[in-house]
Amino acid sequence: MTARTLASIGSIVLGVLLIVGGIATWALVSSTLAEQNITTPDDACLPEREVTGPFTAYCQAQIIQEHTLASTDGLTYAELDREDPRRDMAMNSSFLQASLFTSILAFGVAAMAAGMGVIFVLIGLGMRDVRQVVEQPVRT
């Protein structure tokens with residue numbers, strides 16, 4: 001086997017692995033979110049939807065922030081006095097938002113991995129096609 005053939009096969013195999021890994025990661029994050037049984041409230045940007053994907057997770061994080069700021073007179077956790085009883089609620093709010101934003105990031109990485117996998121497969125197929133054209137005898 002030539003180096004070009006190995007590079008072509010390697011690119012295709014790597015691409016397939018990235019696609020499978022991206023899809024598996026997306027499914028895992030989605031099912032983990034679904035297990036939490038979170039539903040966006042009526043006043044969210046996507047109302048009354050089960051949180052299972054990046055858009056519903058984002059809407060849930062945003063509405064948590066809105067509700068928290070409404071309850072704390074616009075003050076964040078760091079701005080609240082240490083003795084303020086609302087500080088625990090603001091801390092929980094920050095934790096929930098961070099968890100939701102982490103899932104959004106995981107969805108993005110999964111999509112990027114799958115997209116890069118498609119690109120690697122296409123590169124590998126392109127390398128194979130170029131090799132076939134180069135190795136064909138010239139007809140006169």
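These lines cover the structure that appears in this document, whether it is placed above or below. Please read all numbers here as calculations on a predicted model, not as lab measurements.

## Examining the overall build of the protein
For step 1, the next point in the chain: Check the secondary structure of the protein and you find three helices and zero strands.
For step 2, the next point in the chain: Along the protein, from the amino end to the carboxyl end, the secondary structure elements read α-α-α.
For step 3, the next point in the chain: A compact globule built from 140 residues would reach a C-alpha radius of gyration of about 14 Å, whereas the protein, at 24 Å, exceeds it by more than 25%.
For step 4, the next point in the chain: Taken across its 140 residues, the protein has 27% of its residues classed as buried.
For step 5, the next point in the chain: The long-range fraction of contacts in the protein, counting pairs at least 24 apart against all pairs at least 6 apart in sequence, stands at 55%.
For step 6, the next point in the chain: For the protein, the exposed surface amounts to about 9200 Å²; the carbon and sulfur share of it is 65%.
For step 7, the next point in the chain: Considering the protein, the positive charge centre built from 8 side chains and the negative charge centre built from 14 side chains are found 22 Å apart.

## Quick notes on helix α2 (residues 54-71)
For step 1, the next point in the chain: Under the 1.5 Å per step criterion, the end-to-end length of α2 is 26 Å for 18 residues, consistent within 8% with the ideal 26 Å.
For step 2, the next point in the chain: Pro 54, Thr 56, Ala 57, Cys 59, Gln 60, Ala 61, Ile 63, Ile 64 and Thr 68 are the residues of α2 that are buried.
For step 3, the next point in the chain: Positive phi appears at Asp 73, one or two residues downstream of α2, with a value of about 55°.

## Remarks on the nonpolar core
Most often, soluble globular proteins have nonpolar side chains that are buried together.
For step 1, the next point in the chain: Counting eight residues, the largest nonpolar core consists of Val 29, Leu 33, Val 51, Ala 57, Ala 61, Ile 64, Leu 100 and Phe 107.
For step 2, the next point in the chain: Those elements giving two or more residues to this core turn out to be α1 (3-35), α2 and α3 (86-135).
For step 3, the next point in the chain: Here this core gets three residues from one element, more than from any other, and that element is α2.
For step 4, the next point in the chain: Ignoring sequence-local partners within four residues, the contact set of Val 29 consists of Ser 103, Ala 106 and Phe 107.

## Looking at the side chain of Ser 8
For step 1, the next point in the chain: Structurally, Ser 8 can be placed in helix α1.
For step 2, the next point in the chain: Leaving out residues up to four positions away in the same chain, Ser 8 has contacts with Gly 124, Met 127 and Arg 128.

## Some remarks on the pattern of salt bridges
For step 1, the next point in the chain: In total, this model carries three salt bridges according to the counting rule given.
For step 2, the next point in the chain: As a salt-bridge pair, Asp 84 and Arg 86 come within 2.9 Å of each other at their nearest N and O atoms.
For step 3, the next point in the chain: Judged by its relative accessible area of 24%, Arg 86 falls in the partly exposed class.
For step 4, the next point in the chain: Note that Asp 129 and Arg 128 form a salt bridge whose closest N and O atoms lie 3.5 Å from each other.
For step 5, the next point in the chain: For Asp 129, a relative accessible area of 36% translates into the label partly exposed.

## Notes on the state of the cysteines
For step 1, the next point in the chain: By the definition in use, this model includes one disulfide.
For step 2, the next point in the chain: Residue pairing for Cys 45: its cysteine sulfur links by disulfide to Cys 59, the two sulfurs lying 1.8 Å apart. Measuring the twist about the S-S bond at about -115°, one finds the Cys 45-Cys 59 disulfide to be left-handed. Of the two residues, Cys 45 is situated in the loop between α1 and α2 and Cys 59 in helix α2; the sequence distance between them amounts to 14 residues.

## A word on a nonpolar patch on the surface
For step 1, the next point in the chain: A cluster of nonpolar residues, Leu 105, Val 109, Met 112, Met 116, Ile 119 and Ile 123, forms a patch on the protein surface that exposes about 560 Å² of accessible area.
For step 2, the next point in the chain: Secondary-structure assignment places Val 109 in helix α3.
For step 3, the next point in the chain: On the basis of relative accessible area, Val 109 is assigned to the partly exposed category, the value being 45%.

Reading guide: rules and limits
- Residues numbered from 1 in each chain as written.
- Predicted model: local features only at pLDDT ≥ 70, side-chain atom pairs only at ≥ 80, totals over all residues.
- Heavy atoms only, no water.
- Helix = DSSP H or I, 4+ residues; strand = E, 2+ residues; numbered from the N terminus.
- Rg over C-alpha atoms; globule rule 2.2 N^0.38 Å.
- Buried < 20%, exposed > 50% of the residue type's maximum accessible area, 1.4 Å probe, protein only.
- Contact = heavy atoms within 4.5 Å.
- Areas by Shrake-Rupley, 256 points an atom, 1.4 Å probe, with all protein chains shown as cover.
- Lys, Arg positive; Asp, Glu negative; His and termini not counted.
- Charge placed at Lys NZ, Arg CZ, Asp CG, Glu CD.
- Expected span 1.5 Å × (residues − 1).
- Core = buried A, V, L, I, M, F, W, Y, C linked by side-chain atoms within 4.5 Å.
- Salt bridge = Lys/Arg side-chain N within 4 Å of Asp/Glu carboxyl O.
- Disulfide = S-S within 2.5 Å.
- Patch = residues over 30% accessible without salt bridge, like charges linked within 9 Å, V, L, I, M, F, W, Y side chains within 5 Å.

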